[in-house]
Amino acid sequence: GGGPAGISAAIYAARAGLSPLVVAPPMGGQLQGKGVDVENYPGMHNVTGPAVISSMREQAASFGAVFEVESVTSVDASKRPFKVHTESHIIETHAIIVATGAESNWLNVTGEYEMRGGGVSSCATCDGAAFYQKDVLVVGGGDAAMEDALVLARTSKSVTVIHRRDTFRASKILAQRIIEHPSISIRWNTTVEEILGTVLESPPSGESESEDLDLDADVGIPQKVVSGAILKDVSTGEEENISCDAVFIAIGHTPATSFLVDVVDFEPDHPGYIKTVGRTTRTSVAGIFAAGDVADNMYRQAVTSAGSGAAAALDAERWLSEEGLGNEAAEFEAELLAELMADDEGSSKVSDQYNAYEEAGGKMAGVRESVRAEL
Ligand SMILES: Cc1cc2nc3c(=O)[nH]c(=O)nc-3n(C[C@H](O)[C@H](O)[C@H](O)COP(=O)(O)OP(=O)(O)OC[C@H]3O[C@@H](n4cnc5c(N)ncnc54)[C@H](O)[C@@H]3O)c2cc1C
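You'll find the protein entered in an unreviewed UniProt entry as FAD/NAD(P)-binding domain-containing protein, with Helicotheca tamesis given as the organism. Turning to the protein, the UniProt annotation filed under Sequence similarities (unreviewed entry) states: "Belongs to the class-II pyridine nucleotide-disulfide oxidoreductase family."

Encoded structure:
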């Protein structure tokens, strides 16, 4: 995965000398999506999602991480090294960090994609503050929708929850808070048929309408902003226009983990989310780690994903060290050095007994210098 979790893992892994390969189709993940502005990533404020990703990628590449634009289709974890199947080839690796994220589910109604970043969002924590003292809609009936509505109610003028059924699927306590909240109203048995917008008078130039996630494209600013929505009462079929400034879609997420079915264990209460062991990023398979949204149905933020990506690289490095894996290049150099020394002394026995790696106390930089000098 090439979002904040995957790239952060690559930075840590590269700096630990682990030769990370980042595989994703495309790079960037959700921050690379249309209309994503980031105002809450420490050290970077008021930047676009693509700018955050671009900076992360540059940092990872500077330490030697390699990027490959490919989709992983399956993983064979029955033998080591693991075999990671992509659409075009097979990659062999000692350790895998799964950082494939969890995509927001969307309504797929008219106006939704067009106004992402212009009032349509699937992340109230990320974008709610931009609608201070405005009227907002929240679509959904589960815990996530309840949490979004409560977060938005702190800053918005009014919050209307749109739910297609006559009861919430959310936990009783959260649902009750929504029902009793003075600035939250509920539209039961109602669906959003269309999101309405106002065309900006002077739309920014160079705007891309393409769905392709090009790293260099300007995907930040929409040409239209939300002005309302067409709602439909599912019991009567009647339609009605409602005014609002933002529509938050909270109808769940789909973790990108289908390629790991029957390979790792999943969270029993959260389908598709990878189960990790305790506070680590270890999965049910030794050598496979999970980081970011793909293993986190609770926080789903760029900064928490980046943090768990770093943790996954640290976990992977420790595991590889424990298993004595991932040192092939260093071991090869040590063997070469031993052979050279054996040749010098004219004794074939020396190469059998002498272990340059141990002799160097694991300090391979010194051994590398000696090898270079010998060569
Ligand atoms: C509209 C919106 C606005 C947001 N705004 C903010 C914000 O302002 N601040 C904030 O902190 N968070 C924000 N978020 C949340 C944030 O984007 C996510 O929490 C974060 O991107 C998760 O990072 P990740 O690396 O775990 O996964 P993702 O970013 O989802 O990255 C997943 C990566 O895996 C790749 N992938 C998927 N399937 C495969 C496969 N089969 N093989 C290989 N690669 C695969 C994808 O191509 C992608 O590169 C926002 C989210 C949305 C939807």
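(A) The pairing of strand S12 (residues 158-162), seen in detail. A large share of S12 lies buried, amounting to 4 of its 5 residues. Here 5 bridges tie strand S11 (residues 135-139) to S12, and the two strands are oriented parallel to one another. In the strand pairing of S12, Asp-135 is matched with Ser-158. With helix H4 (residues 143-153) bridging S11 and the parallel S12, this β-α-β connection has right-handed handedness. Judged from the 4 bridges that link them, S12 and strand S13 (residues 184-187) form a sheet pairing that is parallel.

(B) Inspection of helix H6 (residues 302-323) at higher detail. The end-to-end C-alpha distance of H6 is 31 Å, a good match for the 32 Å that 22 residues give at a rise of 1.5 Å each. The inward-facing, buried residues of H6 contact helix H1 (4-15), strand S8 (96-98) and strand S19 (288-290). One or two positions beyond H6, positive phi appears at Gly-324, with a value near 70°.

(C) Geometry of the site of the ligand. Around the ligand lies a shell of 36 residues, among which Gln-30, Asn-40, Val-72, Asp-293 and Ala-302 are the nearest. Between Gln-30 and the ligand, the recorded distance is 2.8 Å, taken from a side-chain N or O atom to an oxygen atom. Within the backbone of Asp-293, one N or O atom sits 2.9 Å away from an oxygen atom of the ligand. In the complex, the protein chains occlude 92% of the 1,000 Å² of accessible area that the ligand would expose alone. When residues of the shell around the ligand are traced back to their parent elements, those giving at least two are H1, strand S2 (37-38), helix H3 (124-127) and H6.

(D) View of the sheet that holds strand S15 (residues 224-233). Read across the open sheet, the 3 strands follow the order S14-S15-S16; overall the sheet is antiparallel. For this open sheet the edge positions go to strand S14 (190-199) and strand S16 (239-243), each flanked by a neighbour on one side alone. Between one strand axis and the next, the sheet turns by 30° as a mean value, whatever way the strands run.

(E) Highlighting the environment of Thr-160. When you line up the elements, Thr-160 lands in strand S12. Along the chain, Thr-160 and Ala-149 lie 11 residues apart, while their C-alpha atoms are 8.0 Å from each other. Not counting the four nearest positions on each side in its chain, Thr-160 is found in contact with Val-136, Leu-137, Val-138, Ser-185 and Arg-187. Here Ser-185 takes part through its side chain, which lies 3.4 Å from a polar atom of the side chain of Thr-160.

(F) Molecular detail of the side chain of Ser-104. Inspection of the secondary structure assignment puts Ser-104 in strand S9 (residues 102-104). A distance of 2.8 Å separates the side chain of Ser-104 from the side chain of Ser-122, its partner in a polar contact. Once residues within four sequence positions are removed from consideration, Ser-104 is found in contact with Gln-30, Ser-122, Gly-252 and His-253.

Cut-off values and rules
Residues numbered from 1 in each chain as written. Predicted model: local features only at pLDDT ≥ 70, side-chain atom pairs only at ≥ 80, totals over all residues. Heavy atoms only, no water. UniProt positions renumbered as here; feature names shortened; annotations may be inferred. Buried < 20%, exposed > 50% of the residue type's maximum accessible area, 1.4 Å probe, protein only. Helix = DSSP H or I, 4+ residues; strand = E, 2+ residues; numbered from the N terminus. Pairing = 2+ DSSP bridges. Right-handed = clockwise from strand over helix to strand, strands pointing away. Expected span 1.5 Å × (residues − 1). Contact = heavy atoms within 4.5 Å. Near = heavy atom within 4 Å. Polar contact = N/O pair within 3.5 Å; in protein donor to acceptor, adjacent residues only side chain to side chain. Areas by Shrake-Rupley, 256 points an atom, 1.4 Å probe, with all protein chains shown as cover. Axes fitted to C-alpha atoms, helices over the stretch in contact; angles between N-to-C directions.

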